[in-house]
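# Examination of the molecular architecture
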Amino acid sequence: MKSLLLKDLYNISHNAKSMLFILAMIALIIVPTSGAPTYTISCSILCAMMIMTTFTFDEASGWTAYALILPVTRRVVVRAKYAALAVFCTAGSLFGLAVSALVSLCAVGRMTELNSPLVLLAMLPVGWAVAFAMGSMAIPLAYKYGAEHARVLLFAAFMAPAMLVIAVIGVMAVLEVSLSGAAVTALVCASPLAALAWGYVMYRAACRVFEKKEV
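Residues numbered from 1 in each chain as written. Predicted model: local features only at pLDDT ≥ 70, side-chain atom pairs only at ≥ 80, totals over all residues. Heavy atoms only, no water.

## Structural notes on a positive patch on the surface
Formally: Residues enter a patch when their relative accessible area is above 30% and they make no salt bridge; the linking distance is 9 Å between like charges and 5 Å between nonpolar side chains (Val, Leu, Ile, Met, Phe, Trp, Tyr). Computed with a 1.4 Å probe, the accessible areas rest on the Shrake-Rupley method; for each residue, only the protein chains presented here act as cover. Salt bridges are counted wherever a side-chain nitrogen of Lys or Arg sits within 4 Å of a carboxyl oxygen of Asp or Glu. Only four residue types enter the charge count: Lys and Arg as positive, Asp and Glu as negative, with His and the chain ends excluded. Lysine's charge is taken at NZ, arginine's at CZ, aspartate's at CG and glutamate's at CD. Strands are runs of DSSP state E lasting at least 2 residues, helices are runs of H or I lasting at least 4, and numbering of each runs from the N terminus.
Together, Lys144, Arg204, Arg208 and Lys212 give the surface a local cluster of positive charge. With three residues, helix 9 (residues 181–212) is the largest single contributor of residues to the positive patch. Mapped onto the secondary structure, Lys144 falls in helix 7 (residues 117–145).

Here is the structure:
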């Protein structure tokens, strides 16, 4: 699986410079206006979406058909995709944290509470969890419909959890339900575990789809 993971990382490295430039430019817009939490999560999600680019590379080169004649199972191929997704999410979260901290220091006197070090650190696991959960949904779609056709459904896959969270927050606001500091801390710490559990469910779904697919 290590070689499959390195293959995806090598392929995506060609787009790394352009992605870093885009993320840096977005930071200058989002962090001073909407705050570091928004940017950190956005950065994580954008990096997670690079998993679809790896599918595009695979389809263009006919890699999947070649991989199946190698001494690897289809489950290992799928597992490597989720490992690559985890790497992308981690890189995006760390980059978002670093850039958010830098821009927050430069934006003296603006949203100091929202961009505080504690909030920045709290957004690291939350951003990773959101990106991994959303990216996990994209992989079965890519195996089912192909990278290009799945891009249409990718928007729904990424937006559905976001809309659910917004709806829950809205209901809590209407009912005037507030969370204690301990509850917020527990949710932040549990978010990566919840994302991994959801990722396992999506991994099983992706394996079933890929095992039935003719390449």
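Having seen it, we continue.
## Overview of the pattern of salt bridges
Put simply, the rule is: Accessible area is worked out with a 1.4 Å probe on protein chains only. A residue is then buried under 20% of its type maximum, exposed over 50%, and partly exposed in between.
Inspection of the entire model under this criterion finds five salt bridges. Note that Lys81 and Asp58 form a salt bridge whose closest N and O atoms lie 2.7 Å from each other. Of this pair, Lys81 sits in helix 6 (residues 74–106) while Asp58 sits in helix 4 (residues 50–61), and the two are 23 residues apart along the sequence. Classification of Lys81 by relative accessible area gives buried; the value is 3%. A single salt-bridge network, built from bridges that share partners, covers Lys7, Asp8, Asp58 and Lys81.

## Considerations on the environment of Leu23
To keep things clear, this is the line we draw: Should any heavy atoms of two residues lie within 4.5 Å, those residues are considered in contact.
Looking at where Leu23 falls in the secondary structure, it is placed in helix 2 (residues 16–34). Once the C-alpha coordinates of Leu23 and Cys43 are considered, the two residues, 20 residues apart in sequence, prove to be 6.7 Å apart. With near-sequence residues (within four places) excluded, Leu23 lies in contact with Tyr39, Cys43, Leu46, Cys47 and Phe95.

## Details of the packing of helix 1 (residues 2–12) against helix 4
Definition in use: Lines fitted to C-alpha atoms define the axes here, with helix axes fitted over just the stretch in contact, and angles between the N-to-C directions of these axes take values from 0 to 180 degrees. Oblique is the label for any angle not covered by the other classes, which are roughly parallel (under 35 degrees), roughly antiparallel (over 145) and roughly perpendicular (65 to 115). Amino acid classes used here: Ala, Val, Leu, Ile, Met, Phe, Trp, Tyr, Cys and Pro are nonpolar; Asp, Glu, Lys and Arg are charged; the rest, including Gly, are polar.
The contact between helix 1 and helix 4 brings their axes to 10 Å, and the two run at 100°. Considered as vectors, helix 1 and helix 4 are oriented roughly perpendicular to each other. Facing helix 1, whose interface residues are Lys7, Asp8, Asn11 and Ile12, helix 4 presents Met50, Thr53, Thr54, Phe57 and Asp58. Residue composition of the contact of helix 1 with helix 4, by class: three nonpolar, three polar and three charged.

## Here we look at empty space enclosed by the protein
This is how the line gets drawn: Cavity and pocket criteria rest on a 1 Å grid covering protein atoms alone: a 1.4 Å probe that fits but cannot get out defines a cavity, protein on both sides within 12 Å along at least 5 of 7 lines defines an open pocket, and an atom within 4 Å of a point defines a lining residue. Grid points are joined across faces, edges and corners, and a volume is the space filled by probe spheres set on the points.
Scanning all chains against the criterion turns up two cavities of 30 Å³ or more. By volume, the largest cavity amounts to about 40 Å³. Together, Phe55, Asp58, Trp63, Thr64, Ala67, Val77, Lys81 and Tyr143 line the largest cavity. Elements with a contribution of two residues or more to the lining of the largest cavity: helix 4, helix 5 (63–67) and helix 6. With three residues, the single largest contributor to the lining of the largest cavity is helix 5. Here the lining of the largest cavity is built from residues that sort into five nonpolar, one polar and two charged. When its volume is computed, the second largest cavity comes out at roughly 30 Å³. Lining the second largest cavity are Leu4, Lys7, Asp8, Asp58, Trp63, Val77, Ala80 and Lys81. Looking at the lining of the second largest cavity, the elements with two or more residues in it are helix 1 and helix 6.

## A look at the nonpolar core
If you look at soluble globular proteins, the nonpolar side chains tend to sit buried side by side. Under the convention used in this document: Residue types Ala, Val, Leu, Ile, Met, Phe, Trp, Tyr and Cys, when buried and joined through side-chain atoms within 4.5 Å, form a set referred to as a nonpolar core.
Ile51, Val78, Tyr82, Leu85, Ile139 and Tyr143 are the most contacted members of the largest nonpolar core, which has 48 residues in total. At 12 residues, helix 6 tops the list of elements feeding residues into this core.

## Some thoughts on the packing of aromatic side chains
Rule in force here: Pairing of aromatic rings covers Phe, Tyr and Trp, the last counted by its six-membered ring, and requires centre-to-centre distances within 6.5 Å; plane angles under 30 degrees mean stacked, over 60 mean edge-to-face, and any other angle means tilted. Note on geometry: a ring has a charge over it if NZ (lysine) or CZ (arginine) is within 6 Å of the ring centre and within 35 degrees of the ring normal.
The full count for this structure, using the stated rule, is six aromatic pairs. Each residue in the set Phe55, Tyr143 and Phe210 is aromatic and connected to the rest through ring pairs, giving one cluster. The ring of Phe210 has Arg74 sitting right over it, with the charged end atom 5.1 Å from the ring centre.

Worth remembering: the numbers are spatial, not functional.
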